[in-house]
Structure formats: structure tokens, C-alpha cells
Amino acid sequence: MSALTQFIGGGPFVTTPYTTGTGTHTFNSATVRATITLVGAGGGGARPNTTGAGGGGGAGGAVWVVSTRALTAAVYAVGAAGAGATANNTAGTAGSDTTFGRFAALGGGGGAVAGTGGAAYAGSSSPAAGWSNGGSGGAGGTAGANAGAAGFTPGDTARVAVSAGGAAATNAGGGGGGASAYSAGGAGGAGHASVGVAGTAAPTYGGGGGGGGASATSGNGGNGGGGYIVVEEYAS
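Rules and cut-offs
Residues numbered from 1 in each chain as written. Predicted model: local features only at pLDDT ≥ 70, side-chain atom pairs only at ≥ 80, totals over all residues. Heavy atoms only, no water. Helix = DSSP H or I, 4+ residues; strand = E, 2+ residues; numbered from the N terminus. Buried < 20%, exposed > 50% of the residue type's maximum accessible area, 1.4 Å probe, protein only. Contact = heavy atoms within 4.5 Å. Polar contact = N/O pair within 3.5 Å; in protein donor to acceptor, adjacent residues only side chain to side chain. Phe/Tyr/Trp six-rings, centres within 6.5 Å; stacked < 30°, edge-to-face > 60°. Core = buried A, V, L, I, M, F, W, Y, C linked by side-chain atoms within 4.5 Å. Pairing = 2+ DSSP bridges. Axes fitted to C-alpha atoms, helices over the stretch in contact; angles between N-to-C directions. 1 Å grid on protein atoms, 1.4 Å probe; cavity = no way out; pocket = protein on both sides within 12 Å on 5 of 7 lines; lining within 4 Å. Points joined across faces, edges and corners; volume = space filled by probe spheres on them. Nonpolar A, V, L, I, M, F, W, Y, C, P; charged D, E, K, R; others polar.

Caption draft 1: Geometry of the overall build of the protein. A count of helices and strands for the protein gives 1 helix and 11 strands. Reading the protein from its N end, one meets helices and strands in the order α-β-β-β-β-β-β-β-β-β-β-β. Scored against the burial criterion, the 236 residues of the protein give a buried share of 52%. Within the protein, counting contacts between residues at least 6 apart in sequence, those at least 24 apart form 62% of the total.

Caption draft 2: Representation of the side chain of Ser183 within the structure. Its location among the elements puts Ser183 in the loop between strand 10 (161-163) and strand 11 (228-234). You can call Ser183 buried: its relative accessible area is 5%. A distance of 3.2 Å separates a polar atom in the side chain of Ser183 from the backbone nitrogen of Thr204. Beyond its immediate chain neighbours, meaning those up to four positions away, Ser183 contacts Ala202, Pro203, Thr204, Tyr205 and Gly207.

Caption draft 3: Region of interest: the packing of aromatic side chains. Under the definition given, this model contains 4 aromatic pairs. Consider the rings of Phe27 and Phe100, whose centres lie 6.2 Å apart with planes at 85°: the pair is edge-to-face. Of this pair, Phe27 sits in the loop between strand 2 (22-26) and strand 3 (33-39) while Phe100 sits in strand 6 (residues 98-100), and the two are 73 residues apart along the sequence. Taking relative accessible area as the criterion, Phe27 reaches 8% and is therefore assigned buried. When its relative accessible area of 4% is taken as the criterion, Phe100 is described as buried.

Caption draft 4: Seen up close, the nonpolar core. With 15 residues, the main nonpolar core has Phe27, Ile36, Leu38, Phe100, Ile229 and Val231 as its most contacted residues. In terms of residue count, the dominant contributor to this core is strand 3 (3 residues). Excluding residues within four positions of it along the chain, Phe100 makes contact with His25, Phe27, Ile36, Leu38, Ala74, Val75, Tyr76, Ile229 and Val231.

Caption draft 5: Summary view of the sheet that holds strand 7 (residues 103-105). Taken together, the 4 strands give an open sheet; going across it, the order is 2-5-6-7, and neighbouring strands pair in antiparallel fashion. For this open sheet the edge positions go to strand 2 and strand 7, each flanked by a neighbour on one side alone. Pairs of neighbouring strands in the sheet enclose a mean axial angle of 15°, with direction left out of account. As paired strands, strand 5 (residues 73-77) and strand 6 are joined by 2 bridges and run antiparallel to one another. Opposite Ala77, over in strand 6, you have Thr99 as the bridge partner.

Caption draft 6: Quick look at the layout of surface pockets. In this model, the largest pocket occupies a volume close to 150 Å³. Together, 13 residues line the largest pocket, and Arg69, Leu71, Ala73, Ala74 and Phe100 are the ones closest to its centre. By residue class, the composition of the lining of the largest pocket is 8 nonpolar, 3 polar and 2 charged.

Caption draft 7: Highlighting the environment of Gly210. Its place among the elements puts Gly210 in the loop between strand 10 and strand 11. On the basis of relative accessibility, which here comes to 0%, the residue Gly210 falls in the buried class. In this structure the C-alpha to C-alpha distance between Gly210 and Gly148, which are 62 residues apart in sequence, comes to 9.8 Å.

Caption draft 8: Molecular detail of unusual backbone geometry. Non-glycine residue Asn89 carries a positive phi angle of around 60°. By the secondary structure assignment, Asn89 is in the loop between strand 5 and strand 6. You can call Asn89 partly exposed: its relative accessible area is 43%. Of note in the backbone geometry, Thr170 takes a positive phi value of approximately 75° without being a glycine. The topology assignment puts Thr170 in the loop between strand 10 and strand 11.

Caption draft 9: Highlighting the environment of Ala235. Relative to the helices and strands, Ala235 resides in the segment after strand 11. Under the relative-accessibility criterion, Ala235 is labelled partly exposed at 46%. Along the primary structure Ala235 and Ala30 are separated by 205 residues, whereas in three dimensions their C-alpha atoms are 5.7 Å apart. Sequence-distant contacts of Ala235, that is, excluding residues within four places in its chain, are made with Phe13, Ala30 and Val32.

Okay, structure coming up:
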């Protein structure tokens, strides 16, 4: 059930979730209005070189759309998760956008090899719809024994660091992934003298993957969370 159901009275008589892929959603013939919730996919964490930590991936943006007009069908695409980097000195991949008809929740940016956290992108929607952008990924620790920064919660203001950055041990830790409206980000991997720890994957929809810890053999970046769509249909 979406965050808006409580405001429009009465429950949906048809609820359809989409967690992967593309297709066409055909509305029930009795549907007169619907709530569509979209979550963009999260970005993957970076894998650093031996002297700098990878940044956490940015989270996907979530869009809530309420339609009161007659509906028939809409083409949809669930955003693919951004992959964490698996080669030294490589940025994470950005998460893909999630779309439903003319509405979109944009995916989060991938973590950067320089330790910069992945950028979070605001979800786009109609002017009447509500949206929440994803939290940005935390920056990896700078060269040396420096911990990575935590990833951030969603929102433009009063963001709170939530997904843990990686601890430092001789080399720097990776940044935590940014959170989405539906998921925390993955934790950053710890730095190490010989083998860095990999960043963890986001738990679920739209979270960013953690950045890998720096070391002689650095840790991989964690994968972001995939996108998500829920369609709730109402007969009155």
C-alpha cells in the first residue's frame, strides 16, 4: 500500500506490484482512479585504488502519482539496479529510471572512484504529484587511515546520515550508500592493509550500494537496489 492511500479514502480493489522488467499495465474496466508509486533504482558503489576509498552509490528517487481521470493502459519500465564496481579504480554504475506512462522516478548516481558519494536525483512528476528524491551516497575516506562517510536519508533538507561508512585500517574505508524512501543504503567496506572489504548491497528498492574499502587489493562496490512500481486501483 502506498503512502497516499490513507488520504483518498477506501482501499484499492486491485493492487499490482512490479519489481523488474518492462511491459504494459492494463487497468481493470471498473477502475475510475489509481495511485501509482514509483521508485528509481539505486546506484552502485565504487571500487577504489590502493590509496583512496570508493564513494557510496546514490539512492533512487520515489514518485507518488494520483490520477483521477479514466484509465485504460500504460507502458512501464522498472529501473535496473546500478552495479557495484568490480575492477580497481572504477566508478559504480548509475541506477536506471523507473517509468510508468509519462511519470518517472530517476535512478541514483554511482559512487565515484575519487571517494565522492553518488549523486541523488529528484524524481520528476506532474505538478500535482508528490515526490521525494533519494539521499546521496557518502564520500569515501581520503587517502590514509580515514573512515568513509555515511550515506544520507532522502530529501532536500534536514538530511540525516544513516548508512554506515567503512572503518579505516591503514587504508581508507568506503562511503555508505544513500537511502531511498523504501530502503537504506548499503554499508561502506572497511579499509585494510592487504585486502579491503567490499561494500554491501542495498537491502531493497532504490537504496545505493556501499563503496569498497581501499587496500593493496581493494574491495568491490556494493550493488544498488532495483526499482519498484505499485499500482493501486479504485472503483470509486
